[in-house]
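Spelled out from the first residue to the last, the chains are:
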Amino acid sequence: MASDKNALDYHRYPTPGKISVVPTKECSSAEDLALAYSPGVAQPVLAIAEEENQIYNYTAKGNLVGVISNGTAILGLGNRGAAASKPVMEGKGVLFKKFAGIDVFDIELDTTDPQAFIQAVSLMEPTFGGINLEDIKAPECFEIETKLKEIMNIPVFHDDQHGTAIISAAGFLNALEVTGKKLDQVKIVFSGAGAAGLSCVKMLATLGVPKENIIMCDIIGVVYKGRTEEMFPEKAQWASDSPARTMEEAILGADVFFGLSAPNILTPAMLKSMAPQPIVFAMANPDPEITYPLAKETRPDIIMATGRSDYPNQINNVLGFPFIFRGALDVRATSITENMKMAAAKALAALAKEPVPEDVIKAYGGEDFSFGPNYIVPKPFDKRVFIEESLAVAKAACEEGIAQKPIKDWAGYRKHLEELSKTL
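Residues numbered from 1 in each chain as written. Predicted model: local features only at pLDDT ≥ 70, side-chain atom pairs only at ≥ 80, totals over all residues. Heavy atoms only, no water.

## Structural notes on the overall build of the protein chain
- On a plain count of helices and strands, the protein chain comes out with 18 helices and nine strands.
- Seen through its C-alpha atoms, the protein chain measures out along the principal axes to roughly 75 × 50 × 50 Å.
- For the protein chain, long-range pairs separated by at least 24 residues make up 68% of all intrachain contacts whose partners lie at least 6 apart in sequence.
- A total of about 19900 Å² of accessible surface is found on the protein chain, and carbon and sulfur atoms cover 55% of it.
- Counting 41 positive and 54 negative side-chain charges, the protein chain places the averaged centre of each group 3 Å from the other. (Helix = DSSP H or I, 4+ residues; strand = E, 2+ residues; numbered from the N terminus. Contact = heavy atoms within 4.5 Å. Areas by Shrake-Rupley, 256 points an atom, 1.4 Å probe, with all protein chains shown as cover. Lys, Arg positive; Asp, Glu negative; His and termini not counted. Charge placed at Lys NZ, Arg CZ, Asp CG, Glu CD.)

As structure tokens, then:
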């Protein structure tokens, strides 16, 4: 792990921050200047004024995403404010560019008022091809995303919710296959009922896990029907009939644990009380609900995933958002739908079963990967993720009828993605 000094030096030198704006056209002569600005800029202005969709032909809008936050739920650091969120938003821009060739403007809004946030973002629709919301606390994040999706005609995606849900759903499907457990029979306990937890539970239910097989827990305890403390509508819809009131009671005999909460709250005793071959997704960052070494020592039969890169099965959002937006932007989708998110999850799950190329093995120090307990999701530096997930998302958008630029030649689009992947 990087030291505090190394991290600060990385962000400060040789130039403060992690991003810059680079022109895509020459501007080294009087003629170039006349084309880039006055008088040449008048021509695309008039073309767009006459037909607004021409903005995609004459500006960067079609490959530009706004990464927007108010800093009320930064990583594992909580509410640190809009200014403190900027390093994270810049980092998100780096990942968009590195993994999918997508440009980003990061925007930090100094407001905790959902209505002010919604108005500010909605007014920027002409600028962006898509909006990635980030690090906004629950329950405000639900209102913000829902309203923006209603009023904007470009994809709006709150990655803290859906990114984790998509990647973990892919790993969950593969963990079930490895253990032989059945989707409609597993008992699942959640720790964490915030933005990510609620999106994850919704994704698992969409996959086919019965609602009655799921128990959600939060800082108070079990989310049960009739509870009034620390409740809001998005959480209340997952309230359980279970008589359990603590996570310790709820997890007895459970097949699966999904943690999106806090470090070290899953004790060895709780883990021992789970069913054979427990599936544990301990995704609190940077420290999981139970450490990987302790979990393996306690239950050698465990299949475990965390948010950390130093253990197997990292649930890393970078496996999702760059490629989801790549597919959505390429067909000019008007939104990112449940079908598109499911297509992304299933593409990831399928790819984890394929033989891993040599260049990926080399990128991870020669470690050999093959489908099984220690490899249920692909690695971020596997270029095939870019191709397969982007293609799956684009195809889902076209099939759903929300693509303004539908693809007809899928073999040609695959070849385009393959060529683009070589430049990333």
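## What about the environment of A305?
- Mapped onto the fold, A305 is located in strand 9 (residues 303-306).
- By relative accessible area, which is 0% here, A305 ends up buried.
- Other than its neighbours up to four places away in sequence, A305 contacts V280, F281, A282, P312, N313 and I315. (Buried < 20%, exposed > 50% of the residue type's maximum accessible area, 1.4 Å probe, protein only.)

## Concerning the packing of aromatic side chains
- In total, this model carries 15 aromatic pairs according to the counting rule given.
- Seen in terms of ring centroids, F258 and F281 are 5.0 Å apart; in terms of plane orientation they differ by 5 degrees. Their pairing is stacked. Of this pair, F258 sits in strand 7 (residues 256-259) while F281 sits in strand 8 (residues 279-282), and the two are 23 residues apart along the sequence.
- Exposure remark for F281: the relative accessible area of 0% places this residue in the buried category.
- Summarising the aromatic geometry, the rings of Y364 and F369 are spaced 5.8 Å apart at their centres and angled 85 degrees between planes, so their arrangement reads as edge-to-face.
- Taken together, the aromatic side chains of F99, Y364, F369, Y375 and F381 make up a single cluster linked through ring pairs. (Phe/Tyr/Trp six-rings, centres within 6.5 Å; stacked < 30°, edge-to-face > 60°.)

## Some words on the environment of F321
- Its place among the elements puts F321 in helix 14 (residues 321-330).
- In contact with F321, not counting residues within four places along its chain, are K92, L95, F96, N132, F157 and D159.

## Describing helix 7 (residues 140-151)
- Spanning twelve residues, helix 7 covers 17 Å between terminal C-alpha atoms, matching the ideal 16 Å at 1.5 Å per step.
- Residues C141, F142, I144, E145 and L148 constitute the buried set of helix 7. Down the axis of helix 7, the buried set is contained in an arc of 165 degrees. They therefore lie on one face.
- Close packing links the buried residues of helix 7 with helix 6 (114-122), strand 3 (130-133), strand 4 (156-158), helix 8 (159-179), helix 9 (195-207) and helix 10 (233-236). (Expected span 1.5 Å × (residues − 1). Arc of directions from axis to C-beta.)

## Examining the side chain of S240
- Residue position: S240 is located in the loop between helix 10 and helix 11 (247-250).
- Among the polar contacts made by the side chain of S240, one reaches the main-chain amide nitrogen of S242 at a distance of 2.9 Å.
- Once residues within four sequence positions are removed from consideration, S240 is found in contact with I214, I215, V223, Y224 and K225. (Polar contact = N/O pair within 3.5 Å; in protein donor to acceptor, adjacent residues only side chain to side chain.)

## Notes on the sheet that holds strand 7
- With parallel pairing, five strands are arranged side by side in an open sheet as 6-5-7-8-9. The sheet is open, and its two borders are formed by strand 6 (214-217) and strand 9, each paired with just one other strand. Each strand axis lies, on average, 10 degrees off the axis of its neighbour in the sheet, ignoring direction.
- Inspection of the sheet shows strand 5 (residues 188-191) paired to strand 7 by four bridges, in the parallel sense. Each residue of the ladder has a partner; that of V189, found in strand 7, is F257.
- The sheet strands contacting helix 9 are strand 5, strand 6 and strand 7, and the helix crosses strand 5 at an angle near 165 degrees. (Pairing = 2+ DSSP bridges. Axes fitted to C-alpha atoms, helices over the stretch in contact; angles between N-to-C directions.)

## Points about a nonpolar patch on the surface
- A cluster of nonpolar side chains, namely L33, Y37, V41 and V45, defines an oily patch on the protein surface of about 400 Å² accessible area.
- Classification of V45 as partly exposed rests on a relative accessible area of 48%. (Patch = residues over 30% accessible without salt bridge, like charges linked within 9 Å, V, L, I, M, F, W, Y side chains within 5 Å. Salt bridge = Lys/Arg side-chain N within 4 Å of Asp/Glu carboxyl O.)

## So, the sheet that holds strand 3
- Pairing is parallel in the open sheet, where four strands are placed in the order 2-1-3-4. Across the chains shown, the open sheet's two edge strands, defined by having one partner strand only, are strand 2 (103-108) and strand 4. The sheet shows a mean angle of 20 degrees between the axes of neighbouring strands, taken without regard to direction.
- With three bridges connecting them, strand 3 and strand 4 associate as parallel partners. Bridging from a neighbouring strand, N132 pairs with F157 of strand 4.
- Sitting on the sheet, helix 7 is in contact with strand 3 and strand 4, with an inclination near 165 degrees to strand 4.
- Across the sheet, helix 8 touches strand 3 and strand 4, and the angle it forms with strand 4 is around 75 degrees.

Note that every value here comes from positions in space, so none of it alone points to a role or purpose.
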